[in-house]
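# Secondary and tertiary structure notes
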Amino acid sequence: MNAIELLKEDHKRVKSILEALSESTERGIKKRTDLLSKLEMEVAIHTQLEEQILYPAFKAAGSREEDVMYFEAKEEHRTVDSLVLPDLQQTDPGTPEFAGRVKVVKELLEHHIEEEEKEMFPKAKKILGKAKLDEIGMQMEAMKAELKKSMSGIAVGA
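An account of the accompanying structure is given in this report.

So, how was this worked out
- Residues numbered from 1 in each chain as written.
- Predicted model: local features only at pLDDT ≥ 70, side-chain atom pairs only at ≥ 80, totals over all residues.
- Heavy atoms only, no water.
- Helix = DSSP H or I, 4+ residues; strand = E, 2+ residues; numbered from the N terminus.
- Rg over C-alpha atoms; globule rule 2.2 N^0.38 Å.
- Contact = heavy atoms within 4.5 Å.
- Axes fitted to C-alpha atoms, helices over the stretch in contact; angles between N-to-C directions.
- Parallel < 35°, antiparallel > 145°, perpendicular 65-115°, else oblique.
- Left-handed = near helix turned anticlockwise from the far one by under 90°.
- Nonpolar A, V, L, I, M, F, W, Y, C, P; charged D, E, K, R; others polar.
- Buried < 20%, exposed > 50% of the residue type's maximum accessible area, 1.4 Å probe, protein only.
- Expected span 1.5 Å × (residues − 1).
- Bend = angle between axes of the 7 residues up to and from the residue.
- Core = buried A, V, L, I, M, F, W, Y, C linked by side-chain atoms within 4.5 Å.

### Side note on the overall build of the protein chain
- When you go through the protein chain residue by residue, the secondary structure sums to 4 helices and 0 strands.
- Along the protein chain, from the amino end to the carboxyl end, the secondary structure elements read α-α-α-α.
- The C-alpha radius of gyration computed for the protein chain amounts to 16 Å, which stays within 12% of the reference 15 Å derived for 158 residues, consistent with globular compactness.
- In terms of overall dimensions, the protein chain has a C-alpha envelope of 50 × 30 × 20 Å along the principal axes.
- In the protein chain, the proportion of contacts linking residues at least 24 apart, taken out of those at least 6 apart, comes to 77%.

Right, dumping it as structure tokens:
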């Protein structure tokens, strides 16, 4: 599977989890907790695939415009990974505050996904080409399998 297809599949999975999380209620504490664990694992793996494999190839093949996209995407990851998700983890899933924070995470991730799919991925196709994206996709599949295996001991319901 090529890199772009793999990442788009991840995006669909993340959006589905976010949708279920935002539709959950304050009484669904176990459901919210399980969904949050799944979201954290998906985002952690996806972020590593992009930052360790796709983004460096994209940046190396590109020009100044791609550099700007690269750094913006990394900053969006940092915002979600270092600030927003940790806040959500600390929030009681039985409160309205949890629902508010889920909404913010959902908006940030959907914005990031849209930018990647409409701007970065089409550029990556153009500057990297099919063969390179296929090669990167194979690296990503191997890394993803390894990360899932190592995280399954950590994440509940993985």
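### Details of the packing of helix H2 (residues 29–61) against helix H4 (residues 96–152)
- Two elements in contact, H2 and H4, have axes whose closest approach is 7 Å; the angle formed by their N-to-C orientations is 45 degrees. In terms of orientation, H2 lies oblique with respect to H4. The two elements H2 and H4 meet at a crossing, and its hand is left-handed.
- Here the contact of H2 with H4 is composed, by residue class, of 28 nonpolar, 5 polar and 7 charged.

### Focus: the environment of Ile136
- Inspection of the secondary structure assignment puts Ile136 in helix H4.
- Residue class for Ile136 comes out buried when judged on its relative accessible area of 2%.
- Distance in space between the C-alpha atoms of Ile136 and Pro122 is 15 Å, their sequence separation being 14 residues.
- Here Ile136 is in contact with Ala3, Ile53, Ala57 and Leu128, once residues within four sequence places are set aside.

### Focus: H2
- Taking 1.5 Å of rise per residue, the 33 residues of H2 would be expected to cover 48 Å, and the 46 Å separating its terminal C-alpha atoms lies within 8% of that figure.
- The sharpest bend along H2 reaches about 40 degrees and sits at Leu54, with the proline Pro56 one to four residues further on.

### Structural notes on the side chain of Glu115
- The residue Glu115 is located in helix H4 in this model.
- Setting aside anything within four residues of it in sequence, one finds Glu115 in contact with Glu72, Glu76 and Met120.

### Some thoughts on the nonpolar core
- Counting residues in hydrophobic clusters, the biggest one holds 25 residues, and the most contacted among them are Leu54, Met120, Leu128, Ile136 and Met140.
- Among the elements of the structure, helix H1 (3–23), H2, helix H3 (64–90) and H4 are those that each provide at least two residues to this core.
- Sorting elements by how many residues they give to this core places H4 first, with 10 residues.
- Judged by nonpolar contacts, the second largest core, of 17 residues, contains Val43, Val80, Leu109 and Ile113.

### Quick look at the packing of H3 against H4
- Following both chains from N to C, one finds H3 and H4 inclined at 160 degrees, their axes separated by 10 Å at the closest point. The orientation of H3 with respect to H4, classified from their angle, is roughly antiparallel. For the element pair H3 and H4, the recorded crossing hand is left-handed.
- Along the lines of polarity and charge, the residues of the contact of H3 with H4 split into 15 nonpolar, 4 polar and 10 charged.

### Here's the deal with the side chain of Lys106
- Relative to the helices and strands, Lys106 is located in helix H4.
- Taking the relative accessible area as the measure of exposure, Lys106 reaches 15% and is therefore buried.
- Once you skip the residues sitting within four places of it in the chain, Lys106 turns out to touch Leu18, Glu19 and Ser22.

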